[in-house]
Every structure is written in C-alpha cells, then in structure tokens.
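# Descriptive structure summary
Residues per chain, in single letters:
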Amino acid sequence: MTATSTSVDLDAKIPNNVGLSDDPKLQRALEQWLPKYLEWWHDMGPTDFEHMPIFLRTAVSVDRGGWANYDYVKMPDYRWGIFLTPNDSEPTIKCGDDAGTPAWSDVPGEHRNALRRIIVTQADTEPASVEQQRMLGHVAPSLYDLRNLFQVNVEEGRHLWAMVYLLQKYFGRDGRDEAEELLLRRSGDEDKPRILGAFNQPCDHWLSFFAFTMFTDRDGKYQLAALAESGFDPLARSTQFMLTEEAHHLFVGDTGLQRIIKRSAELQQLDPNGDVRAQGGIDFDLIQRTINYWYTYSLDLFGGEISSNASTFFASGLKGRYHETRRYEDHKALTGDYRLPVVENGKVVEKDVPLRTAMNEVLRDAYVADCEKVIGRWNKTLEESGSPTRLTLPSRLFHRHQGIYAGHHFDPQGKLITVEQYEANVHRWLLVPEDNDYLLSIMKPCYEPGKFANWIAPPTKGIEGRPTDFEYVKMHD
Ligand code: BYC
Ligand code: FE
Ligand code: FE
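Right, let's walk through the structure included here. No experiment lies behind these values; they were computed from the predicted model shown.

Turning to the site of ligand 1, a few remarks are in order. In the vicinity of ligand 1 lie 24 residues, with Gly220, Gly303, Gly304, Ser307 and Asn309 positioned nearest. Of all the secondary structure elements, the ones that give two or more residues to the shell around ligand 1 are α2 (112-132), α5 (206-227) and α8 (308-315). For the shell around ligand 1, the element with the most residues is α2, which contributes six residues. Its residues placed into classes, the shell around ligand 1 shows five nonpolar, 14 polar and five charged.

Structure representation (structure tokens):
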C-alpha cells in the first residue's frame, strides 16, 4: 500500500500525506513541475487578482470534517497539496470480473493504457475550467461571489495536482510527459484544445459560471464517485478526497442560480409589465436557455450511451457505478439489459442493450435524478415568490454532441425534428451571442462589502460563520 496516513506534512514544499519525502525521485519530479504549474497559473489563472488577500479554505488534514483551514491567502501562495483519503480496511476491487479480490496498489500492466487515459481525461478538465473562468473576477456581483469563484479555482488547481501526482508516481516517463501536456493544452484553442467538449465552451459571465458549477462540476461529482470505486486504490482514495472539495463547487452553482431566480421573480413583480429585463435583471427565458446549454454539454461528458470503453472499464474494475458498494448487490452486471431510446429508420424506438455496455447511461441516470432534485428546489423558490414561471430540464436527447443522439436533431421535449426546424428555433432554446452581450451589459463589478449586483439576491448566510458583508476579498493588500 502507499504510505499514506492521517498526518499531513505541511512544512514540505508540496504539502502531502503520501510520504513524499520518502520518495526523493518523485519529490524532485513534482518540485520540477511546480514552477511550470505556477507559470501556467500566472498566465491562465484568474487575471489581475494575484496580489489580493482572499478568505480561502485550504486543506490541511484528511480527517473527516476537520480538514479545512480558513484564512486570507493570495492565490499564487495557495498551498496546493496532495491528499489521499486514508484506508480504514483492506481495499478490494469493487466491480467487474474480479469484484471482491484485493485492490491494486500499483498499476497492473494490462490496464496501464486505460488507466492513464482515464486519469489524463480527468486531469485535463481541472485546468480547463480555471481557464474558462479566468475573466469572471472583473464582473463579479459581490465580494462574497468573487471569493467563491477563487475558492473553486484554487481547488480545481489542487485537483490537477491530485491527478499529476498519480501520473508522475505510477506512469514513469509517460506520466511525466502527460503532466507537461496538461499545462500546454488550452480551453477553446483551435490547435491544442482541452479534451472534452464542455471544457472548450466559453464561460464569460456569471450566469454561465453558476450553470457550469451546477451542471458541469456535477458531472465531476459523478465521474469522481465512479473513480472512487476504482480497483486502482490510489485513484480511489485520491478521488474520494476530491469529492469533499467538490461539494462546495456544487453549492456555489446551485445557490448562485437560486439567488438569480429569486431576484428575477422579485423584479418580475416589481415591473408593471412583468418585464424582468426592463428592471435590469435576467429573464426566465434566458435562464432556461442557459440551463439547456450547460446541462446538455454536461450530459455529453458521460460518453456514449452504448460504449465498449465503459463496458471494459467496468469489467476490469477501473470504474464503478455511483455508490457501487452501497447501492448495488450484483457487482458483476453480467446479466440484464438496459432499455433506452434509439433512432432507427427516422424514428425513436426502444432498444435493449447489455447492461455493461450501458454503464455510461447508468451513471448519467444518477446525474439526471440529482439535477431534477435541484430544479425542483428552484421551482419551489419560484412558487414561494409568487411567480407563475417553472424551469425544466430538457430531454437528454436534445443538443447532444456525443453518443447515439449526436447527428440527429431533437427539440427540448425530445421530439425528433428536421435540421431546418432545429435551426429555425435554436435561438429560443440555447444561449446565443446576443444573450452574452446583454449579460455582459448588466454585469458590472460590485466590490463593496455587503453590496450585491441588482440581478442577484444576496445569500442567506456567509462563509464559515462570517457575515455576508465580510470583506471576503481585500482589494488592496
Ligand atoms: N467530449 O465510449 P465513449 C470534472 C470521446 S468533470 C469530447 O462514448 P467513454 C470537472 C471519448 O474520449 C469529470 N470527446 O465514451 C468539472 C472517446 O474517445 P476515443 C471529468 C468525448 O470513453 C468541472 C470517444 O469519444 N472526468 O471533473 O465511455 C470543473 C468515444 O467514447 C466526450 C472524467 O471524464 C466529450 N464530452 O466515456 C472541473 C472521467 N465524451 O477513445 C472539473 C474520466 C466522450 O475514441 N473519463 N468522448 O479517442 C472517462 O471516464 C471517459 O473518458 C468519459 C467518456 C466518461 C469522458
Ligand atoms: Fe475538480
Ligand atoms: Fe469542481
């Protein structure tokens, strides 16, 4: 087993609980990567806020609950560390052909390529999201929100460290090369894009930021949970610790959108014609288009509905289902089918496929159910505010770029339509450039403690027991 413990070496250049000082070669490799990472952060991380002290939490221990320390930190001084959730028992492979046998503390040769691909794909999303969000500080609706943005950013940076540690420790020369590449790809770049679709889409304003942390970070939660069931024990324990940080990212997205929805309902009532935009707010059609946009790009992140990759990952115990251990009894999934809609001869029909090949879809089901719950809470907010509007999730067939629905056209209700029908209506269904123009026109920075932009309601409480008018970011050091 890896030499991990609950005790964290905080004095080390790279804080860790993986006994880095006992592995000088690895320590050297990571210390060589550190300045390159900082250079990337300086070039591609949040612009212009490097000298400002921010009230951030830093992971300082791996104990359940007691791992977070809150203090003022300048982002480049953030202590990005390597933390694995400690083992409390002898870990086993959680799913697939060898379910129940001892987990691997090293990478088995036959799974080396697949594991490397999974870890690189996971790793690539982390810096990508920081790149997508780098301009948002300039149009933040409050210091509270600005702080939350930067909290998310530094933790995505730490998630990159978590994956780079695995690459450098377990994948030799290849791993070191991949670690370099991770700092060279760029979100949205034509020649060197990030790997997955959603991470190349622009995220220029806070409506997209909240939708991204709500829907795209939530894909992160489900992918990390699937990897937390991995038979490769260091990956399982690394992703378990990442999940503890992820909860705050989802909170930021869920409550951010909820506060916009609340404010829009207020403005709707304030305006004589119920016109939210006339009051400088964000109208519900635009909110719905934003949900449609980021939710569907996030659905794509689960991969194809019918996937031989997914089948292999599950069969070989590399990736489980959501809460594989707790939720399921049959961890082999050799029998049984999964029924799903497919397009055949211009019609949508139901088809059964072997369960193992549908593992991406099984994970997507858990994700969709989670999203539905949040939408339900937002609609409760609307109801309580006396607004007649209700928000929905579009069909999972709508606006897809991956899997069996890509290449066909559906409306948000999941009805198969022609490309002409789609193109004539797409501006009513998805974010369009004019939406971005409008949003950027109302998003002016609001940096006074306790003040919030007109288009969003204040949060009900602050961070770590601090009031909402706390100086979460010191604009001058
Ligand atoms: N965009 O068999 P298929 C997070 C590729 S988010 C572009 O259908 P598979 C975070 C696929 O790679 C969580 N390409 O899919 C959130 C394959 O390519 P090759 C990130 C895509 O392999 C917010 C081909 O299409 N973690 O942490 O079963 C902020 C056919 O693939 C996409 C992970 O993703 C796409 N959307 O499943 C910060 C976990 N989808 O092999 C962070 C690791 C598929 O033909 N990744 N393709 O070249 C995986 O487990 C799998 O790679 C996927 C795809 C679930 C993504
Ligand atoms: Fe992350
Ligand atoms: Fe995240």
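This is not the end of the story, as more comes after the structure.
Its place among the elements puts Lys351 in strand β4 (residues 347-354). For Lys351, a count of 16 C-beta atoms within 10 Å gives the class partly exposed. Distance in space between the C-alpha atoms of Lys351 and His408 is 17 Å, their sequence separation being 57 residues.

To continue, consider the environment of Ala103. Position of Ala103 among the secondary structure elements: in the loop between β2 (68-73) and α2. The buried category is assigned to Ala103, around which 21 C-beta atoms lie within 10 Å. Every residue in contact with Ala103, bar those within four places of it in the chain, is listed here: Pro91, Thr92, Ile93, Gly231 and Asp233.

Most often, soluble globular proteins have nonpolar side chains that are buried together. Among the nonpolar cores identified, the biggest contains 113 residues, and Ile119, Val164, Ala211 and Ile260 are the most heavily contacted of them. Per element, the largest residue contribution to this core is 16 residues, and it comes from helix α3 (residues 143-170).

Between α5 and helix α10 (residues 359-384), the least distance of the axes is 10 Å, while the angle of their chain directions is 140°. It follows from the interaxial angle that α5 and α10 lie oblique. α5 and α10 meet at a crossing whose hand is right-handed. Counting all contacts with α5, which are made through Met214, Phe215, Arg218, Asp219, Tyr222 and Ala226, the residues of α10 involved are Leu363, Ala366, Tyr367, Asp370, Cys371 and Val374. Here the contact of α5 with α10 is built from residues that sort into nine nonpolar, no polar and three charged.

Quick notes on the rules
- Residues numbered from 1 in each chain as written.
- Chains lettered and ligands numbered in written order.
- Predicted model: local features only at pLDDT ≥ 70, side-chain atom pairs only at ≥ 80, totals over all residues.
- Near = placed C-beta within 6 Å.
- Helix = DSSP H or I, 4+ residues; strand = E, 2+ residues; numbered from the N terminus.
- Nonpolar A, V, L, I, M, F, W, Y, C, P; charged D, E, K, R; others polar.
- Buried ≥ 20, exposed ≤ 12 C-beta atoms within 10 Å, placed from the backbone.
- Contact = placed C-beta atoms within 7 Å.
- Core = buried A, V, L, I, M, F, W, Y, C linked by C-beta atoms within 7 Å.
- Axes fitted to C-alpha atoms, helices over the stretch in contact; angles between N-to-C directions.
- Parallel < 35°, antiparallel > 145°, perpendicular 65-115°, else oblique.
- Left-handed = near helix turned anticlockwise from the far one by under 90°.

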